[in-house]
Amino acid sequence: QLPQANVQYAPNTGDLSTGGIPAPEASHPAPRTLAKYRAYWQLLDHPRNVAMLLMDMQAGYARDVDFAAPGARRVLRSFRSLGLPVVWTNWARLPNDGNYGALDRFWGPTGVANRENGFYVYSERDTDTLPALAPRTELELSRTIASLHQSKFADLYDNGTEILYP
């Protein structure tokens, strides 16, 4: 059997200053050997593509994000001119949408009546991308996500597959 290529072993010196781990108690000895792991693959082994993720630049947050629109528009223009992919993802959580979770508890129920609670958008139109940054073509429209998750990689198609899976 071949040795594991993505691990290096070293004796445990017991000295934190040299990367060792001391034993907290004699009855619980520290390991004699320590392992340092790295990914089995090298980054350059896998082809990579760059994409722009235009996130939450939407009508419901215009007051808070409009200042960043000119810079985002310049980057978007460059991506379009180079034929590089752009993905638009806008936050789509509405109060009382039935998707209750831990972040709802974190943000709490206050500020909903006066639309101050930043965890939610308050109408379907609030999820629209700011006009200057909006998708223009059918291909661009196919790369839009109305997101219900803080992690964009948790968003799924209706069939359950990941939208942004590489």
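Up top is the structure these notes are about.
Counting of residues starts from 1 at the beginning of each chain's written sequence and follows it residue by residue. Reporting of local features is limited, given that this is a predicted model, to residues whose pLDDT is at least 70; pairs of side-chain atoms are given and counted only at 80 or more, and all residues count toward the totals for whole chains, interfaces and linings. To obtain the side-chain values, all non-hydrogen atoms of the structure were included, while hydrogens and water were left out.

## Quick notes on the overall build of the chain
Here's step 1: Every helix listed is a DSSP run of H or I at least four residues long, and every strand listed is a run of E at least two residues long, numbered separately from the N terminus. Within the chain one finds 4 helices and 5 strands.
Here's step 2: Moving toward the C terminus, one meets the helices and strands of the chain in the order β-β-β-α-α-β-α-α-β.
Here's step 3: Its C-alpha atoms give the chain a radius of gyration of 24 Å, more than 25% over the compact-globule value 15 Å for 166 residues.
Here's step 4: With respect to the three principal axes, the spread of C-alpha positions in the chain is 65 × 45 × 35 Å.
Here's step 5: Across the 166 residues of the chain, 25% fall into the buried class.
Here's step 6: Here, Shrake-Rupley sampling with a 1.4 Å probe gives the accessible areas, and only protein chains in the shown set may cover a residue. Here the chain displays about 12300 Å² of accessible surface, and carbon together with sulfur accounts for 57% of that area.
Here's step 7: The distance from the centre of the 16 positive side-chain charges to the centre of the 17 negative ones in the chain is 7 Å. In this setup the radius of gyration rests on C-alpha atoms only. A globule is expected at 2.2 Å times the number of residues raised to 0.38. Burial classes: relative accessible area under 20% of the type maximum marks a residue as buried, over 50% as exposed, and values in between as partly exposed (1.4 Å probe, protein chains only). Positive residues here are Lys and Arg, negative ones are Asp and Glu, while His and the chain termini are left out of the count. Where a charge lies is defined by one atom per residue type, namely NZ (Lys), CZ (Arg), CG (Asp) and CD (Glu).

## Some details on the nonpolar core
Here's step 1: Side-chain atoms within 4.5 Å link the members of a nonpolar core, which is a set of buried Ala, Val, Leu, Ile, Met, Phe, Trp, Tyr and Cys residues. In this structure, Met 52, Leu 54, Met 57, Leu 76, Val 86, Leu 130 and Leu 133 are the most contacted members of the largest nonpolar core, which totals 18 residues.
Here's step 2: Among the secondary structure elements, those contributing two or more residues to this core are strand E3 (52–55), helix H2 (69–82) and strand E4 (86–91).
Here's step 3: The contact definition used throughout considers only heavy atoms, calling two residues in contact when any of these lie within 4.5 Å. Those residues in contact with Leu 130, other than ones at most four positions away along the chain, are Met 57, Gln 58, Ala 59, Ala 62, Val 65, Asp 66 and Ala 69.

## A few points about the side chain of Thr 127
Here's step 1: Of note, Thr 127 is situated in the loop between helix H3 (102–107) and helix H4 (138–141).
Here's step 2: Polar contacts, as counted here, are pairs of nitrogen or oxygen atoms within 3.5 Å of one another; within protein the pair requires one atom able to donate a hydrogen and one able to accept it, and residues that are adjacent in sequence qualify only if both atoms are side-chain atoms. Polar contacts involving the side chain of Thr 127 include one to the main-chain carbonyl oxygen of Glu 124, which spans 2.8 Å.
Here's step 3: In contact with Thr 127, other than residues within four places in its own chain, are Gln 58, Asn 90, Trp 91, Ala 92 and Val 121.

## As for the packing of aromatic side chains
Here's step 1: When the centres of two rings from Phe, Tyr and Trp lie within 6.5 Å, Trp using its six-membered ring, the rings pair. Their planes under 30 degrees apart give stacked, over 60 give edge-to-face, and anything left gives tilted. Using the criterion set out here, one finds 4 aromatic pairs in the structure.
Here's step 2: Where Trp 107 meets Phe 119, the ring centres are 6.0 Å apart and the plane angle is 25°; that geometry is what we call stacked. Highlighted residues: Trp 107 in helix H3 and Phe 119 in the loop between H3 and H4, separated in sequence by 12 residues.
Here's step 3: Look at Trp 107 and you get partly exposed, because its relative accessible area is 40%.
Here's step 4: On the basis of relative accessibility, which here comes to 3%, the residue Phe 119 falls in the buried class.
Here's step 5: Here a set of aromatic residues connected by ring pairs shows up, and it is made of Trp 91, Phe 106, Trp 107, Phe 119 and Tyr 120.

Keep in mind that these numbers describe shape and distance, not what the molecule does.
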